[in-house]
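Geometric and topological summary
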Amino acid sequence: MTKDVEVLVVGAGLGGLSATLFLALHGVDVLTVERHASTAIHPRASGQNYRTMELFRFAGIDADVLTASGRASQGLRITVASSLGGQVFHQLMEDGDDAFMSPATSMRHGMAGQEVVEPIMLARAEKSGARVEFRTELVSFETDEDGVTALLRHRDTGEETTVRARYLVAADGGRSPVRERLGIETTGPGIIGHNVGVVFEADLGDRLKPAVTDLYYLQNPEFTAGFCNTDIPGRFVFSPDYYPEKGEKAEDFTPERLIGMIRTATDLPELEPVLHWIGPWEIGAQVATTFRAGRVFLAGDAAKITPPTGGQGGNTAVGDGHDLAWKLAAVLRGEAGDGLLDTYDAERRPIATMIVDTSLHNMKQRLRPDLDVSGLTPPADPYAAMLGFRYASTAVLAEDDSDERTENPLEPTGRPGFRAPDVAIGVDGTDRSTVDLLGHGWVLLAASGGEAWRSAAADSYVEIACHVEGTDFTGPGFAVRYGLEPGGATLVRPDGMVAWRAKGPVEDPVGTLRDVLARVLSR
Ligand SMILES: Cc1cc2nc3c(=O)[nH]c(=O)nc-3n(C[C@H](O)[C@H](O)[C@H](O)COP(=O)(O)OP(=O)(O)OC[C@H]3O[C@@H](n4cnc5c(N)ncnc54)[C@H](O)[C@@H]3O)c2cc1C
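I will try to describe carefully the structure that is included in this document.

What counts and how
- Residues numbered from 1 in each chain as written.
- Predicted model: local features only at pLDDT ≥ 70, side-chain atom pairs only at ≥ 80, totals over all residues.
- Heavy atoms only, no water.
- Helix = DSSP H or I, 4+ residues; strand = E, 2+ residues; numbered from the N terminus.
- Buried < 20%, exposed > 50% of the residue type's maximum accessible area, 1.4 Å probe, protein only.
- Salt bridge = Lys/Arg side-chain N within 4 Å of Asp/Glu carboxyl O.
- Near = heavy atom within 4 Å.
- Polar contact = N/O pair within 3.5 Å; in protein donor to acceptor, adjacent residues only side chain to side chain.
- Areas by Shrake-Rupley, 256 points an atom, 1.4 Å probe, with all protein chains shown as cover.
- Core = buried A, V, L, I, M, F, W, Y, C linked by side-chain atoms within 4.5 Å.
- Contact = heavy atoms within 4.5 Å.
- Pairing = 2+ DSSP bridges.
- Axes fitted to C-alpha atoms, helices over the stretch in contact; angles between N-to-C directions.
- Parallel < 35°, antiparallel > 145°, perpendicular 65-115°, else oblique.
- Left-handed = near helix turned anticlockwise from the far one by under 90°.
- Nonpolar A, V, L, I, M, F, W, Y, C, P; charged D, E, K, R; others polar.

1. As for unusual backbone geometry
One non-glycine residue with positive phi stands out, namely D267, at about 60°. The topology assignment puts D267 in the loop between α6 (255-266) and β13 (274-288). Residue classification places D267 among the partly exposed residues on the basis of a relative accessible area of 33%. If you check the backbone angles, S522 has positive phi at about 50° while not being a glycine. By the secondary structure assignment, S522 is in the segment after α12 (509-520). Take S522: its relative accessible area is 23%, and that puts it in the partly exposed class.

Here's what the structure looks like:
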């Protein structure tokens, strides 16, 4: 039996589910296969940064994700110490430290774990028409000029199905069999650490703050380890490092030994933790040399693995899936040329490198003073990397040839390639944000006096929503933040990134907009 779909996604982790969700929201016929029986059952990636929450707002799931975390606050405290009650070496972040970011975003940081976020994404994707088949694996695939032929197998019944897809998204994790099969190499140090993850329950008293995400990097004379609370009160994750080069093995970490280490880590020698799950995992740092091979795209950990010091692996996986989705949808609808798909690599791979390198610098500071970080790009400011990142590709008409990676998100410039500033506006007497106008398709935001842009948007072959200041919305800070004079306009892509702007009025808005779209959509 052969099934036809527009896009086949392999893997239903954060990367695959993001691609699935946003493809479905764009009306694309998408089938996703996942070899596990369900979405994640362990917390792993906890925390959705402001950009991820913005993407979740576009999908209408931001409120669900916020409330999914049982914690009273969305705050994050990060401490480097010898033990939970021991010497503090660095207080990297305190709950509330990020309050200064509110002028840059109307989003709240999410703190939910992966095991609660993935079901929310899955439910929204399925409601939007996506099909997600669990216990189903990709066995093999062949690509040709027009598409991909994939062989799937159900892991319980053994039933095999052939799927014919126009495109394949490989969100099949860090070891990515699809990447391997395509022979795509990776750069970076690769595996740089080995850990044993332990999920356990215990009464730690006031050792950790239950209301916030309380993350410790422990540099104890006996071990180095991560230690964090979870969304479930009384449940924690402890994750000691081990060193195979010294002859250590994951199996050496017996439950008895781990209980002893947890007692040392908590300074509670009588503690009786109940261990729920023990499993080894590797810390890696690598970026694929290309995120695209013809009709196949790598997303999430398949495209790059980042050390967890920075908490961006899951966030960038969501970002990859989102970026790919609107571009694939535009090409499948016939609105864009194939060149738009090349911009996925051009835009997301530099972000991946910035995130991986920054996380390696963090790792050196927090856990591994011996780590060699020479030759890496400099660390990026974490808030600039989240909200001030820049895309440079043919899907953006840049105003200058600067090679800056980020801008200060507190002072957004509204330049093409950067995120459309989140500005407070009023719509029909209600307090809103520009973010509420974005994320569902192309948007033209015109400054007051820019009524001519309305007919230009209406005349376009691509659907463009046009909002004119003074008529459709009010916002004293809008024009300044977007760098517009009266009569100017900014074209915002479906991902909320600025594609182009006319700072002031132009002679021929219809022809200008048509020309701009043809260029950014590679037509
Ligand atoms: C302990 C730990 C803590 C972390 N903390 C954070 C954090 O705080 N913040 C953060 O942002 N990130 C964090 N991360 C990273 C984050 O979990 C990953 O970056 C993210 O889950 C990557 O998602 P993914 O969808 O790309 O890959 P995965 O989640 O690995 O998903 C890949 C999926 O593909 C499936 N698959 C593979 N091959 C096939 C096949 N042939 N057929 C069908 N299915 C297949 C697998 O079963 C798997 O479910 C952490 C990771 C770990 C291990």
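2. With respect to the pattern of salt bridges
Applying the stated criterion to the full structure yields 38 salt bridges. Where E133 meets K3, a salt bridge forms, and the shortest distance between an N and an O atom there is 3.0 Å. Of this pair, E133 sits in strand β5 (residues 131-134) while K3 sits in strand β1 (residues 2-10), and the two are 130 residues apart along the sequence. R175 is paired through a salt bridge with E282; the nearest N and O atoms lie 2.8 Å apart. Here E282 lies in strand β13 and R175 lies in the loop between β8 (160-170) and α5 (177-182), a separation of 107 residues in the sequence. By sharing partners, the salt bridges in this structure join D323, K327, E347, R493 and D495 into a single network.

3. Concerning the site of the ligand
Around the ligand, a shell composed of 28 residues is seen, among which E34, R44, D301, G311 and G314 lie nearest. Measuring from an oxygen atom of the ligand, one finds a side-chain N or O atom of Q114 at 3.1 Å. Within the contact set of the ligand, an oxygen atom lies 2.7 Å away from a backbone nitrogen or oxygen of G314. Across the complex, the protein chains shield 86% of the 1,000 Å² of accessible surface that the ligand would expose by itself. Put simply, the parts of the chain that give the shell around the ligand at least two residues each are α1 (14-25), β2 (30-34), β6 (136-143) and α7 (313-332).

4. With respect to the nonpolar core
Nonpolar side chains tend to gather and get buried jointly when the protein is soluble and globular. Among the nonpolar cores identified, the biggest contains 133 residues, and L8, W442 and L491 are the most heavily contacted of them. If you tally residues by element for this core, the top one is α7, at 10 residues. Not counting the four nearest positions on each side in its chain, L8 is found in contact with L31, V33, A150, L152, V163, A165, Y167, L168 and V169. Ranked by size, the runner-up nonpolar core spans 23 residues in total, among them F236, F238, A250 and L258.

5. Quick look at the sheet that holds strand β22 (residues 498-502)
Within a sheet, each strand pairs with its neighbour through backbone hydrogen bonds, oriented either parallel or antiparallel. Strand order across the open sheet formed by 4 strands is β20-β19-β21-β22, with mixed pairing between neighbours. Either end of the sheet is taken by a strand with one partner, and the two such strands are β20 (464-468) and β22. Across the sheet, the axes of successive neighbouring strands diverge by a mean angle of 15°, strand direction being ignored.

6. A look at the environment of G449
Tracing the chain through its elements places G449 in the loop between β19 (442-446) and α10 (452-458). On the accessibility criterion, G449 (67% relative accessible area) is exposed. As for G449 and G487, which are separated by 38 residues in sequence, their C-alpha atoms are 4.6 Å apart.

7. Thoughts on the packing of helix α2 (residues 50-59) against α7
Think of two packed helices as two axes; the pair is described by the angle between the axes and how far apart they sit. α7 packs onto α2 with a crossing angle of 45° between their chain directions and a minimal axis gap of 9 Å. By the angle between their axes, α2 is oblique relative to α7. Here α2 runs over α7; the crossing is left-handed. Contact residues: T52, L55, F56 and F58 in α2; N315, V318, G319 and H322 in α7. Its residues assigned to classes, the contact of α2 with α7 comprises 4 nonpolar, 4 polar and no charged.

8. So, the side chain of Q114
Structurally, the position occupied by Q114 is in helix α4 (residues 114-127). We classify Q114 as buried; its relative accessible area is 5%. Of note is the side chain of Q114, whose polar atom sits 3.0 Å from the side chain of E118.

9. A closer look at the packing of α1 against α7
Close contact between α1 and α7 brings their axes to 7 Å; oriented N to C, the two are set at 30°. Comparing their axes, α7 and α1 come out roughly parallel. Of the two elements, α1 crosses α7, and the hand of that crossing is right-handed. Facing L14, G15, S18, A19, F22 and L23 of α1, the residues of α7 in contact are G314, A317, V318, G321, H322, A325 and L328. A breakdown of the residues in the contact of α1 with α7 according to their chemical character gives 8 nonpolar, 5 polar and no charged.

10. What to know about the side chain of N195
Note on placement: N195 falls in strand β9 (residues 186-201). Look at N195 and you get buried, because its relative accessible area is 3%. At 3.2 Å, the side chain of N195 forms a polar contact with the backbone oxygen of S239. Reaching out from N195, the side chain makes a polar contact with the side chain of D241 at a distance of 3.1 Å. Excluding anything up to four places from it in sequence, N195 contacts S239, P240, D241, Y242, G279, P280, W281 and I283.

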